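Examining the three-dimensional arrangement
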Number of protein chains: 4
Amino acid sequence: MIVIMNPDATCREVKNVVDAIENVGMEAKIMEGSKQKIVGLIGDKSNINSLSLEALPGVDHTVPISKSYKLASREFHPQSSIVNIGGIKIGRGNFVIMAGPCAVESLEQLLESAKIAKAGGAQFLRGGAYKPRTSPYSFQGLKNEGLKYLAEARNQTGLKVITEVTEVEAVETISKYADMLQVGARNMQNFRLLKEVGQTNMPVLLKRGLSATLEEWLNAAEYIMKEGNNNVVLCERGIRTYETYTRNTLDMSAVAAIKHLSHLPIIVDPSHGTGKWRMVKPMSFAAVAAGADGLMIEMHPDPAKALSDGQQSLTPENYLEVTKGVYKIANFMKQEKLTITQL
Amino acid sequence: MIVIMNPDATCREVKNVVDAIENVGMEAKIMEGSKQKIVGLIGDKSNINSLSLEALPGVDHTVPISKSYKLASREFHPQSSIVNIGGIKIGRGNFVIMAGPCAVESLEQLLESAKIAKAGGAQFLRGGAYKPRTSPYSFQGLKNEGLKYLAEARNQTGLKVITEVTEVEAVETISKYADMLQVGARNMQNFRLLKEVGQTNMPVLLKRGLSATLEEWLNAAEYIMKEGNNNVVLCERGIRTYETYTRNTLDMSAVAAIKHLSHLPIIVDPSHGTGKWRMVKPMSFAAVAAGADGLMIEMHPDPAKALSDGQQSLTPENYLEVTKGVYKIANFMKQEKLTITQL
Amino acid sequence: MIVIMNPDATCREVKNVVDAIENVGMEAKIMEGSKQKIVGLIGDKSNINSLSLEALPGVDHTVPISKSYKLASREFHPQSSIVNIGGIKIGRGNFVIMAGPCAVESLEQLLESAKIAKAGGAQFLRGGAYKPRTSPYSFQGLKNEGLKYLAEARNQTGLKVITEVTEVEAVETISKYADMLQVGARNMQNFRLLKEVGQTNMPVLLKRGLSATLEEWLNAAEYIMKEGNNNVVLCERGIRTYETYTRNTLDMSAVAAIKHLSHLPIIVDPSHGTGKWRMVKPMSFAAVAAGADGLMIEMHPDPAKALSDGQQSLTPENYLEVTKGVYKIANFMKQEKLTITQL
Amino acid sequence: MIVIMNPDATCREVKNVVDAIENVGMEAKIMEGSKQKIVGLIGDKSNINSLSLEALPGVDHTVPISKSYKLASREFHPQSSIVNIGGIKIGRGNFVIMAGPCAVESLEQLLESAKIAKAGGAQFLRGGAYKPRTSPYSFQGLKNEGLKYLAEARNQTGLKVITEVTEVEAVETISKYADMLQVGARNMQNFRLLKEVGQTNMPVLLKRGLSATLEEWLNAAEYIMKEGNNNVVLCERGIRTYETYTRNTLDMSAVAAIKHLSHLPIIVDPSHGTGKWRMVKPMSFAAVAAGADGLMIEMHPDPAKALSDGQQSLTPENYLEVTKGVYKIANFMKQEKLTITQL
């Protein structure tokens, strides 16, 4: 961290800052600028939190230098990670598709979805049993009944199952039925939940919060990894901006940024990212080309009858067209050595 | 909800939409525009969730008409509510101040804070025992030890205690020590937690999420109220925008908007809202003038030594100056009948 | 437009709204909902502007239905447009690359840039002679001297020249030296300038404003087209969001949205879109895959010595690597009929 | 500016950075952190623009330290400025109200507006003759005819006239009819226009751009002041955020921030800031309390018939109620020495 003093800060004020830094066992270095002094802090990062230097007289503002996450950073782990989910690999060139309905609605709906998902080359079946909804009056999911359907679909198709966990109490149960736990956007900073999934050895898909910075997102991953669970895959699903035409603004550049800042695999969810089924195809193509390690796509046997998110779900035939194109592009890029696994 | 058809939608496509609406027991009305048809849905709102009309061919987009929350709306409850916390009233002209450190750090620090808070006219002592922090390496709070200090400070000063609850498991314990539960910005859509505090009869302060719309915020209140707990006070604490000079952008107009849309009291947190102690005074004055039912202010006996948020905490002397001004303005406005309790 | 009345609006208030609509020669239709009345306006759109219905008692809010632009809309012109710049086509499957330095700095720098641009397969040389800069103390461009260098580079390489026009007075001069005029992000709603370039017959590249909605952007195109100039190409260059890691947030989904809403070609500028040279490659690949009709890329013979935007400029060797990959992907997608020209 | 090197940057890479800095006549200082090196630049700021240090190998990122504006900064001019418009003072405790319709529609409408404005205590009549509109099909203003009406209203009431200038060619003419020029939000970075009004000696009201940072806004003021015109008043009019309930999000904290960063007066426009007439009263009260030097309020003799912005215009009676309250609060705060003129 560096501390920018006011241009008219007194020597005593600079001294106070230096003292405050040294009092917590860190070293302070002063750099004299043409207009103002700058004080740099050297030493163990964990002490920085016990300082509130901006409250000291003469301080203009402070600028953090070191990243606040470590385990999730590429500096700490230079090679891109591969996360292995029961034999299916994600990352470092291993590309996957997760597909299925927004919510598990019935066994029949789910089994049909699973068959189509598989036909399109998906390795994972997605489907929400515990649904976080903005309104308390919206469909809240089938809960444990839904989990059983997911397990049944897995048995019949061999697909891995990924489903969202929204509460600490459900982590254990869901872990029995699913192959991968999803932490949703609204829970990205539910630190208690992050710690809980960190204490399992289940692979975790960590969606980016609605307005989370990359730094906050990687810190959320750090919460999970700090508990000992390194099987974290990130998922860009659109961020909140002023634009209302799309449900969210899909931040495709996050794929590139994460490949620079972190070793963790990152996939893209173009369904939530755009909120419009029509835009899933171009954004899926774009995600592959950008270097994403996979896609999460909402697909429903009959979107117009979906209990949630029908407007962004692909029909089976659209889904098959999209995934066919996606694999063509992915394979071409691999063959031509154009795939971006690191930046 | 109304459904806007494409200008080139066929009669059959319009018919399909009408059928889909009628199939769930609602009534459909068609309005013929100069360019395109519009289909309106009449009837029980709860069926709307089972429709995904935007997925139907010929549909351009849909527009919600009714609000998705009810208990929290002013339509449902035209008179402004008063929330009573052990004799201290908030709302409908009853103005309060909640003050104290960001985090409970020690008994000594807290007791000193409490005395200063009270001297400035605060009715509530605030202080975090469970701290949600972006980085897992930051100070996470004293947990139950901190709760005991809060209770002790209450005993010594008579101030009501408000503290944040970040996890379901802690609700019961915290309810024993505190007079009011705070649900923080990062947990505004932690629906499981909302339900849990809804099942207590504790007053709840619900902070606005970092990028929550007013609609989402009132729906979060609805989650609590639907469980039977109507003692909800809202707290505007700044939203995330592109501007980085301030920590957040304090949305002062939310005070006015809430007074129009809802009957619930709303207070303002200028400390988190700006992230700069210097700006707490003008924003506190502005909040009172705008009609806020109270203020939540961070104050620390020695901000430069605060374990968190020192840069936005007032010193005791600044705090006393701010609250003195605040009460002068509040009283003047009351006396001149300028206080805005409803819009 | 439709008008949503308050649930407790009186019949007289509804009547007032109907009267106001009919007074300007439009037709009003009433739809009775379960909670509130909705009034629809039918007729000539241009009269809507003379109404301020939200100011009438009993009105909750209004919702626009028709798009406010016409000439730029796909409804008006269903087939994707091709813009022809002296024989170089953009749109409907015709893909182009515009490359060059942020600013024209010297004849030598520009000629070297032009040769490299051409070697990478660019059809256009870009370079700013008139530079809009946030600070008045930053380099403001070589102005007319720079224009001459651009013309010279065109002569030597055969590349088309595109350069930014920042003021009405310069339109005529720049039109003599350039093949295509660029209207920059900061001038997207400089309506006087839009009209001026609309009155030339020069092709125009219209960049999206820093926080422009798609609707506003297409209305800006409409300003140009209404003056008789249909040679408009749109350019997505990133929007302003809360994320600070990237200079802007490249809204890749805008490519898909524009292909649905409009017939105009759209290209992507990954240099300004990300602000980091490292991210230009993945975002260029993604843009092609998403269906963009072209790319605008900043490249400099020696980025570290660039007078502006060095941090986002590619070195010559990086540029050649990126464009090689881009053309490979573009050709593969064309051959496999995966190119998205319409949605 | 300081340069943060990568943790694994080589000595040669650090040397390269130092050389690049010294080559432009600045001094480089190295600070050795625990993880990475930091290089500080000391010297004449104007050379910084000729460096693109982030393009150099081994550089992680750069952080600006000095402000990019000077004349507009409080450091340069510690005392709060007063801008004098023909005898009416704004700033340093001098509070003004500017009121009137969004657009000049007719002589009759304007004269009526002027009388009401004056009755409410306004010193300025506002009204647009040149209207920047999102759609080319919306009412574009009466242009010079409107200017004559404004001059007539000034003659009849003695009010000062402020009106918007949207194009360079109109500056001279408008300067003849108006007392103060307004540069609108969409033109805040129309640098050519800023220079032009900077070359007049007319007082200028500079509205904040839709998504302008405080830094960009003050740099826009700097463009005007650099040309020799110091009579600049800033106007906060709401910024673009994700929230759609209000037309913009009124950034009340900008009043406080500007009072810290700059000596220029700042007023608030609650009409555009909220887009809802109902919210003008609470936001006007809040602005006064926050320390704003004035208000710009839209008022129309018959808002429902306004040619633009009727939904945010006050009726005459609401206007009179609002201004009465505003002056009561302003006077009370002055008398109690609570007015914030500097932070």
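Residues numbered from 1 in each chain as written. Chains lettered and ligands numbered in written order. Predicted model: local features only at pLDDT ≥ 70, side-chain atom pairs only at ≥ 80, totals over all residues.

1. Brief notes about the overall build of chain A
Helices and strands together make up the secondary structure of chain A, namely 10 helices and 14 strands. Counting only C-alpha atoms, chain A reaches 75 × 45 × 40 Å along its principal axes. Taken over 343 residues, chain A has a buried fraction of 62%. (Helix = DSSP H or I, 4+ residues; strand = E, 2+ residues; numbered from the N terminus. Buried ≥ 20, exposed ≤ 12 C-beta atoms within 10 Å, placed from the backbone.)

2. Some thoughts on the interface of chain A and chain B
With 44 residues of chain A at the interface, the matching set in chain B holds 43 residues. At the level of elements, helix 5 (191–198) and helix 6 (214–226) of chain A are the ones that each hand at least two residues to the side of chain A that touches chain B. A per-element tally of the side of chain A that touches chain B places helix 6 of chain A first, with five residues. A per-class count over the side of chain A that touches chain B returns 17 nonpolar, 17 polar and 10 charged. (Contact = placed C-beta atoms within 7 Å. Nonpolar A, V, L, I, M, F, W, Y, C, P; charged D, E, K, R; others polar.)

3. Some thoughts on the domain arrangement of chain A
Split by domain assignment, chain A resolves into domain 1 (2–63) and domain 2 (83–335). Computed over C-alpha atoms only, the centres of domain 1 of chain A and domain 2 of chain A are separated by 44 Å. (Domains from an automatic or database assignment.)

4. Description of the sheet that holds strand 3 (residues 37–42) of chain D
All names here are of chain D. Pairing is antiparallel across the open sheet formed by four strands, whose spatial order is 2-3-1-4. With partners counted over all chains shown, the strands left at the sheet margins are strand 2 (27–32) and strand 4 (59–63), one partner each. Strand-to-strand, the axes of this sheet are offset by a mean angle of 20°, without reference to chain direction. As paired strands, strand 1 (residues 2–5) and strand 3 are joined by three bridges and run antiparallel to one another. Directly across from Val 3, in strand 3, lies its bridge partner Val 39. (Pairing = 2+ DSSP bridges. Axes fitted to C-alpha atoms, helices over the stretch in contact; angles between N-to-C directions.)

5. Side note on the sheet that holds strand 2 (residues 27–32) of chain A
Residues and elements named next belong to chain A. Reading across from one edge, 2-3-1-4 is the order of the four strands in this open sheet, with antiparallel pairing throughout. Edge positions in the open sheet fall to strand 2 and strand 4 (59–63), since each of these has one partner strand only. Between one strand axis and the next, the sheet turns through 20° on average, direction left out of account. As paired strands, strand 1 (residues 2–5) and strand 4 are joined by four bridges and run antiparallel to one another. For Ile 4, the partnering residue across the bridge sits in strand 4 and is His 61. Helix 1 (residues 11–23) contacts strand 1, strand 2, strand 3 (37–42) and strand 4 of the sheet and is inclined by roughly 5° relative to strand 3.

6. Let's talk about the interface of chain D and chain B
At the junction of the two partners, chain D supplies 38 residues and chain B supplies 38 residues. Those elements that provide at least two residues to the side of chain D that touches chain B are helix 7 (253–261), helix 9 (280–290) and helix 10 (316–335) of chain D. Looking at the side of chain D that touches chain B, the element that brings in the most residues is helix 9 of chain D, giving eight residues. Among the residues forming the side of chain D that touches chain B, the class breakdown is 22 nonpolar, 10 polar and six charged.

7. Here's the deal with the relation of the copies chain D and chain B
Of the two same-sequence chains, chain D is brought onto chain B (RMSD 0.0 Å, axial shift 0.0 Å) by a rotation of 180°. Seen this way, the second copy is the image of the first under a two-fold rotation axis. Minimal C-alpha distance to the rotation axis in chain D is attained by D:Ala286, lying at 2.0 Å. Take the interface residues of chain D: 100% of them recur as interface residues in chain B, which is what a same-surface contact looks like. (Least-squares fit on C-alpha atoms with pLDDT ≥ 70 in both.)

8. As for the pairing of strand 2 of chain D
Residue and element names in this part refer to chain D. In terms of strand pairing, strand 2 meets strand 3 through six bridges, oriented antiparallel. Residue pairing for strand 3: Glu 32 is matched across the bridge by Lys 37. From the end of strand 2 to the start of strand 3, which pair antiparallel, there are four residues.

9. Digging into the relation of the copies chain A and chain B
For the pair chain A and chain B, the best superposition has an RMSD of 0.0 Å and corresponds to a rotation of 180° with a translation of 0.0 Å parallel to the axis. Here 98% of the contact residues of chain A are again contact residues in chain B; the copies associate through an equivalent surface.

10. What to know about unusual backbone geometry
The general pattern is negative phi for most residues beyond glycine and trans for most peptide bonds. Residues and elements named next belong to chain A. In this structure, Arg 92 takes a positive phi of about 50° despite not being glycine. Counting through the fold element by element, Arg 92 comes out in the loop between strand 6 (88–90) and strand 7 (96–100). Positive phi, normally seen in glycine, also occurs at Lys 143, with a value near 55°. The residue Lys 143 is located in the loop between strand 8 (124–126) and helix 3 (144–157) in this model.

11. Details of the environment of D:Ser271
Residue and element names in this part refer to chain D. Among the secondary structure elements, Ser 271 is positioned in helix 8 (residues 270–274). Taking the C-beta count within 10 Å as the criterion, Ser 271 has 30 such neighbours and is therefore assigned buried. For the pair formed by Ser 271 and Arg 237, sequence separation is 34 residues and the distance between their alpha carbons is 7.8 Å. Leave out the neighbours within four places in its chain, and Ser 271 touches Val 280, Ile 297, Glu 298, Gln 312 and Ser 313.

12. With respect to the pairing of strand 12 (residues 232–236) of chain D
All names here are of chain D. With five of five residues buried, strand 12 lies mostly within the body of the structure. On strand 12, burial covers both faces: Val 232, Leu 234 and Glu 236 on one face and Val 233 and Cys 235 on the other are all buried. Alignment of strand 11 (residues 204–207) against strand 12, held across four bridges, turns out to be parallel. For Leu 205, the partnering residue across the bridge sits in strand 12 and is Val 233. With three bridges joining them, strand 12 and strand 13 (residues 266–268) adopt parallel strand pairing. Bridge pairing in strand 13 places Leu 234 opposite Ile 266. Tracing the backbone out of strand 12, into helix 7 and back to the parallel element strand 13 gives a crossover that is right-handed. (Right-handed = clockwise from strand over helix to strand, strands pointing away.)

13. Comments concerning helix 5 of chain A
Residues and elements named next belong to chain A. Extensive coverage of helix 5 is indicated by the burial of seven of its eight residues. Residues of helix 5 that are buried include every one of Phe 191, Arg 192, Leu 193, Leu 194, Glu 196, Val 197 and Gly 198, and no others. Where helix 5 is buried, its residues meet helix 4 (171–177), strand 10 (180–183), strand 11 (204–207) and helix 6.

14. Here we look at helix 9 (residues 280–290) of chain C
Of all 11 residues in helix 9 of chain C, 11 are buried; the element is thus mostly enclosed. Two residues or fewer after helix 9 of chain C comes C:Gly291, characterised by a positive phi angle close to 105°.

15. A word on the packing of helix 2 (residues 107–119) of chain B against helix 3 (residues 144–157) of chain B
All names here are of chain B. Here helix 2 crosses helix 3 at 40°, and the two axes come no closer than 9 Å. The angle between the axes of helix 2 and helix 3 places the two elements in the oblique class. The way helix 2 lies across helix 3 gives a crossing that is right-handed. Across the interface between the two elements, Leu 107, Leu 110, Leu 111, Ala 114, Lys 115 and Lys 118 of helix 2 pack against Tyr 149, Leu 150, Glu 152, Ala 153, Gln 156 and Thr 157 of helix 3. Split by residue class, the contact of helix 2 with helix 3 holds seven nonpolar, two polar and three charged. (Parallel < 35°, antiparallel > 145°, perpendicular 65-115°, else oblique. Left-handed = near helix turned anticlockwise from the far one by under 90°.)

16. Section: the environment of C:Glu336
Residues and elements named next belong to chain C. Structurally, the position occupied by Glu 336 is in the segment after helix 10 (316–335). With 13 C-beta atoms counted inside 10 Å, the residue Glu 336 sits in the partly exposed group. The sequence separation of Glu 336 and Gly 273 amounts to 63 residues, and the corresponding C-alpha distance is 29 Å.

17. Considering the packing of helix 9 (residues 280–290) of chain B against helix 9 of chain D
Where helix 9 of chain B contacts helix 9 of chain D, the axes come no closer than 7 Å and their chain directions differ by 150°. Taken as axis vectors, helix 9 of chain B and helix 9 of chain D run roughly antiparallel relative to one another. Of the two possible hands of crossing, helix 9 of chain B and helix 9 of chain D adopt the one that is right-handed. Contact residues: helix 9 of chain B offers B:Pro282, B:Met283, B:Phe285, B:Ala286, B:Val288, B:Ala289 and B:Ala290, while helix 9 of chain D offers D:Pro282, D:Met283, D:Phe285, D:Ala286, D:Val288, D:Ala289 and D:Ala290.

18. Comments concerning the environment of D:Glu54
Relative to the assigned elements, D:Glu54 resides in the loop between strand 3 and strand 4. Residue classification places D:Glu54 among the buried positions, given that 20 C-beta atoms sit within 10 Å. The spacing of D:Glu54 and D:Val17 is 37 residues in sequence and 9.5 Å in space, taken between C-alpha atoms. Setting aside residues up to four positions removed in sequence, D:Glu54 forms contacts with C:Gly310, C:Gln311, D:Val59, D:His61 and D:Thr62.

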